[in-house]
Structure formats: C-alpha cells, structure tokens
Amino acid sequence: MPRRSPVVVLVAALALFACGGGDGTPTTTTLRPGTSTTTTSSPPTGATTSTTLPPAGFGAPGIGDPYFPNLGNGGFDVEHYLIETTVDPETGEITRGETTITATATAGLAGFYLDFRSLEVLEVAVDGATAVHEADGADLRITPTSPIAAGEEFVVRVRYRGTPGQTRLPGLGLASGWIITPEEVYVVAEPDGAHTWFPGSDHPADKATFTIVTTVPEPFAVVSNGTLAGETHSDGMATFVWEMDDPMATYLATIVVAELESVDRTGLEGIEIRDHLPADLAAEDPRPLQRTAEWIEFFETWFGPYPFASYGHVVVSGFGAALESQTMSVMDRAALVDVTVIHELAHQWFGDSVSIATWQDIWLNEGFATFAEFLWIEDQLGRDAMEADIEGRHAFMKRHSHRPISDPGVDELFGSAVYQRGGLTLHALRVKVGDDVMRDILRTYVARYTGANASTEDFIAVAEDIAARDLSVFFDAWLYESELPPLP
Ligand SMILES: [Zn+2]
C-alpha cells in the first residue's frame, strides 16, 4: 500500500462568513477588524443537524481525522481547560459541571462547535456573554453574540450536569469513558470518551494544559493528571485541584474518585513518583509498582529524559486493562503485572509527550510501547530471552492476516497487529541500523516532537535523517504492505 498523503483539514476555507444559522442570530453582523465582511442569507429553516459541511461562518465540527471525522473542531486551538465538577460517587452523576476553555481563533468565527454529548447543558457563555447553544449530534453548536476575529483569544464557559454515557475501545471491546463501579468513579477516555464528561476539542491534535478541580464527599479522594496543587475540606466535602502544565491530549485527562491511600516512591531526583491505591493494596504494596524509578532511568537511556515532572499509578477495578493517562496511569487491579506497568510507562514518551497526529497513526503509540517491552525483557532477562519472545510474537502474527498497520481501520485500532507488528517493526529497524543509531533515532524523535504531535511520515523522516539513508523499502514492507516481512 502506498504511503498516504497528508490529511487535509477542512477548517480554514469554511469559516469566513458571518451569517445567521437559523438559530436566532442576525443575518448581517458587524465583524471585528480583520475578518471577511461577506454576508449571506439564512439557510432554509429545518437545516440538517449532522452534515459534514457546517453552515458558513462556523468552525468545522471535526478536525479532519480520517477515522473519527467528527472529533476535534475547526476554527480554533484550545490552550487551556479548567474543568470543575462535583461528583456523586454513589450514582456517578456530575451534579455540577463547569468547563472553561481558553482558545485562540484560527479563522474568523461567527460560531463554532465543541465536542460534547449526553449531558444537560445549562448555559454557555463566550467572553462573559451568554451565547446561543444547541446540541448537534455529539457536538455543541455555539453562536456568540458577536463574531470572533482570526487570531483572537476567547474564553468559553459551559455549565452542565448529568451522568456521562460510556464508550468502547475499538478492537478490544473494553468499556471506556466514564466508568462507575461500586468502589469508584473514573475516566479512561481513549479514543473518544473525553467529550462525555467535559466539552472541548476532543482530538489529540489539539493538545492543551489543564486545571482539574473536583469536589466529592469525604472520605473520597480525587486523583488526576499532573500535580496536586490544592486540597480543601468544608462541610463534609473535599475539593482537589490538579494541575497539568504540559500539553495533554484530551483522551489522557482523567479523574479517579475513590477511597485511596498515597504511596510515595523515592529514588529519582527531580521527578515526583506517587501511587494511589485502595487500602488493601497500599498495605500489600504490589511488587510491580515498587521499581518505577529504576525503570524510568532505564528507559531514559533509550528514549531521552522522562518528559514530565511527576509519575504515578492509580489502581481501580472493573476496567480489565490499563491506560497511560498523562503522568498518572490508570491500572486495573488485574493489570498490576510488570509488563503492563512498563508498557504504560513507555507511553509517557510515546503517545503522551509525543502524540499521534491522527488516530490512523496509532502504531506510533502501541508499537513503541510494545518495543519498550522488548527492551525491558532484554534488560531483565537477557538478549536470548528477548529474541525468543520476539520470535513467538512474529510466529503468532504470521498466522493471522491483517491490514497494514499504517492503516489498521477503526475496528482494529487496538487490535494485536498494531501492537505486535508495530513492535516488530521497531525491532527490525534496530537490527538494521544498530543500537547506537536506534537510540539516536528514538531520542531525536522524542526531542523533536515533545509536547506536540507526529505522524508516521514524521517518524520515518527522523529515522532516515539520523540513519543517513533511504529506508523507504524497509518501511514500505513493514508498515504499508499486508504481508508480514521475515524477522531480520
Ligand atoms: Zn498501550
């Protein structure tokens, strides 16, 4: 299969008109300086609610992802989310929700969309003025009182309440999104669960910093991303303020509401390591959680410096897997095994710090975390053990046909090929270029795209740049062809 061409984002060309969308806004609007002055008549009443082409003047309802065309939004970039919720741990309901988004318009906007579904919206305000809003499928369609000029920063505040619905992880069949169990309420939102609990631009291409403020009844605690910046108690309620100062993809934002105990880990200068465990596990202190500092140091020899100021695990039940939520991996009790702990740790570099450009690039997350498993097996058990493990995985993959991992399809987004063939691809590259060049490729790739996004083509360009050779035949065989190449 040929390499795909870059994704075309529909945004810029579509957001230049100011008009009423049949929702009560005027048909002629005074624009702020710097925007187009074209006006059009209103579209026919009864305009459709879920077309791919938005009404003129609106940002696009999707960011242009080939697999999830409605995720993300066109016409603006989010810089910061302030997510404030009060959560009832018994029912899982968000009894009070308020998300404040600071964004910059990338085009003149008569209006725009936010991804948001299943909750009751009480009020939307743009720059302090109440705006017209309406639900449009999994989007919220917002018309401010006056248009926003290209390049202008604006603030959207959405007040809401309700109990978020669940989504599913394609290819794994696991529940994702907002999960309610008898013990806890928590979020594991890959790939599209974030907009079930807060409105936003729910695509990894629009990364932002986050402040997550959650109020719960005592004695429940709230664990989230980054560092705990504040904790206050009043009238039997506790409020936890978590700050994530590095850019983060929406699906990596989490809260875990549960009765938890903190366990501090020492041994690594400059990185705070803290786990959050139910009381029985805190007493037991599972062995796979005890060696995080050592494993961060090991991965730094391959990937470069750990990209964040903190790391930890929060343990839940009822999920059956683990998710690499940024700086705070959410681990099911059943996932507390060494290989899963190191897999999620490796994602902090690959997926979290360097995020995929589109969901089609998912092997850049899962293939790299699988390759990290190989490195770890070699470090712990030796080269022979790693090669035996790799041969087993290659033999398994050879028995199953699958689409090329450069285009796995939505249904196999988290299928075994993305993981196993992705990891085998990187092992084959390591054998081809040698350990020193492979380390240089991985460290350069992380350094170049840290806090940002990369595509498959971006990784190939780094590899060819550092190896100083044309690798197109190699990558075509491993990424773009259906047939599994032999192991080197
Ligand atoms: Zn993974």
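Starting afresh in each chain, residues are numbered from 1 along the sequence in its written order. Confidence filtering applies because this is a predicted model: local features only for residues at pLDDT of at least 70, side-chain atom pairs given and counted only at 80 or more, and all residues used for totals across whole chains, interfaces and linings.

Undergrad: Lay out the overall build of the protein chain with the relevant residues and their values.
TA: For the protein chain, the helix and strand inventory stands at 10 helices and 23 strands. Expressed as a percentage of the 488 residues in the protein chain, the buried residues total 47%. Summarising the internal contacts of the protein chain: among those between residues at least 6 apart in sequence, 67% fall at separations of at least 24. Secondary structure elements follow DSSP: runs of H or I of four or more residues count as helices, runs of E of two or more count as strands, with numbering from the N terminus. Exposure is read from a count of other C-beta atoms within 10 Å of each residue's own; the residue is exposed at 12 or fewer, buried at 20 or more and partly exposed in between. C-beta atoms are placed from the backbone. Note on contacts: each residue gets a C-beta atom placed from the backbone, and two residues are in contact if those atoms are within 7 Å.

Undergrad: Explain the environment of Leu375 residue by residue, including any values.
TA: Looking at where Leu375 falls in the secondary structure, it is placed in helix α5 (residues 363–381). Measuring from C-alpha to C-alpha, the distance between Leu375 and Phe299 comes to 8.5 Å, with 76 residues separating the pair along the chain.

Undergrad: Requested: an account of the nonpolar core, with residues and values cited.
TA: Throughout this description, the term nonpolar core refers to a group of buried Ala, Val, Leu, Ile, Met, Phe, Trp, Tyr and Cys residues whose C-beta atoms join them within 7 Å. Core analysis: the largest hydrophobic core is formed by 71 residues, its most contacted members being Tyr186, Val256, Val257 and Val330. As annotated, the domain borders come from an automatic or database domain assignment. Taken domain by domain, the makeup of this core includes at least three residues from each of domain 1 (65–255) and domain 2 (260–353). Leaving out residues up to four positions away in the same chain, Val257 has contacts with Val87, Pro89, Glu184, Val185, Tyr186, Thr214, Val216, Phe220 and Val222. Counting 59 residues, the second largest nonpolar core, distinct from the first, contains Phe308, Ile342, Phe414 and Val433.

Undergrad: Outline the confidence of the model for the protein chain, listing residues and values.
TA: Residue-level pLDDT values for the protein chain average 89, and 89% of them are 70 or greater. Overall, residues 1–51 carries pLDDT values under 50, and its contacts beyond four positions in sequence, including any with other chains, amount to 107 contacts. The predictor reports its confidence for every residue as pLDDT, a score running from 0 up to 100.

Undergrad: For the sheet that holds strand β8 (residues 153–162), give the residues involved together with the corresponding values.
TA: Pairing between two strands is assigned when DSSP locates at least 2 bridges connecting them. Pairing is mixed in the open sheet, where 8 strands are placed in the order β5-β4-β8-β2-β1-β12-β15-β14. Edge strands, defined here as strands with exactly one partner in the open sheet, are β5 (129–130) and β14 (227–234). Judged from the 11 bridges that link them, strand β1 (residues 76–87) and strand β2 (residues 94–105) form a sheet pairing that is antiparallel. Looking across to β2, one finds that Leu82 is bridged to Thr100.

Undergrad: An account of the environment of Glu120 is needed here, citing residue identities and associated values.
TA: Its place among the elements puts Glu120 in strand β4 (residues 120–126). With near-sequence residues (within four places) excluded, Glu120 lies in contact with Tyr160, Arg161 and Gly162.

Undergrad: Requested: an account of the packing of helix α7 (residues 416–433) against helix α8 (residues 435–449), with residues and values cited.
TA: Each axis is a line fitted through C-alpha atoms, and for a helix only the stretch in contact is used; angles between axes span 0 to 180 degrees, taken between their N-to-C directions. It is at 6 Å that the axes of α7 and α8 come closest, and there the two elements cross at 130 degrees. Between α7 and α8, the angle falls in the class oblique. In the crossing of α7 with α8, the sense of the turn from one axis to the other is right-handed. On α8, the residues that touch Leu429, Arg430 and Val433 of α7 are Asp435, Val437 and Met438. A class-by-class count of the residues in the contact of α7 with α8 yields 4 nonpolar, no polar and 2 charged. Between 65 and 115 degrees an angle is taken as roughly perpendicular, under 35 as roughly parallel, over 145 as roughly antiparallel, and anywhere else as oblique. By convention the crossing between two helices is left-handed if the near helix lies anticlockwise of the far one by an angle smaller than a right angle, and right-handed if it lies clockwise. Here the nonpolar group is Ala, Val, Leu, Ile, Met, Phe, Trp, Tyr, Cys and Pro; Asp, Glu, Lys and Arg are the charged ones; every other residue, Gly included, is treated as polar.

Undergrad: Just give me the short version of helix α9 (residues 456–467), but keep the residues and values in it.
TA: Here, expected helix span is obtained from the residue count minus one, scaled by 1.5 Å. With 12 residues, α9 extends 16 Å between its outermost C-alpha atoms, agreeing within 8% with the 16 Å of an ideal straight helix rising 1.5 Å per residue. Among the residues of α9, those classed as buried are Thr456, Phe459, Val462 and Ala463. One face of α9 carries all of its buried residues, which in axial projection span an arc of 125 degrees. On its buried side, α9 packs onto α5, α7, α8, β23 (453–454) and α10 (472–480). Of all possible arcs, the one meant is that of the directions from the helix axis to the C-beta atoms.

Undergrad: Could you give an account of unusual backbone geometry, naming the residues involved and the relevant values?
TA: In most cases, non-glycine residues show a negative phi, while peptide bonds are predominantly trans. Cis peptide bonds are those with omega within 30 degrees of zero, and the linkage from Glu190 to Pro191 qualifies with -5 degrees. You can see Pro191 is positioned in the loop between β11 (185–188) and β12 (208–217). The omega torsion across Glu218 and Pro219 is 5 degrees, close enough to zero to call that bond cis. Relative to the helices and strands, Pro219 resides in the loop between β12 and β13 (221–224). Notably, Asp127 is not glycine yet its phi reads approximately 50 degrees, a positive angle. For Asp127, the position within the fold is in the loop between β4 and β5. For Ala468, which is not a glycine, the phi torsion comes out positive at approximately 55 degrees. Following the sequence through the fold, Ala468 ends up in the loop between α9 and α10.

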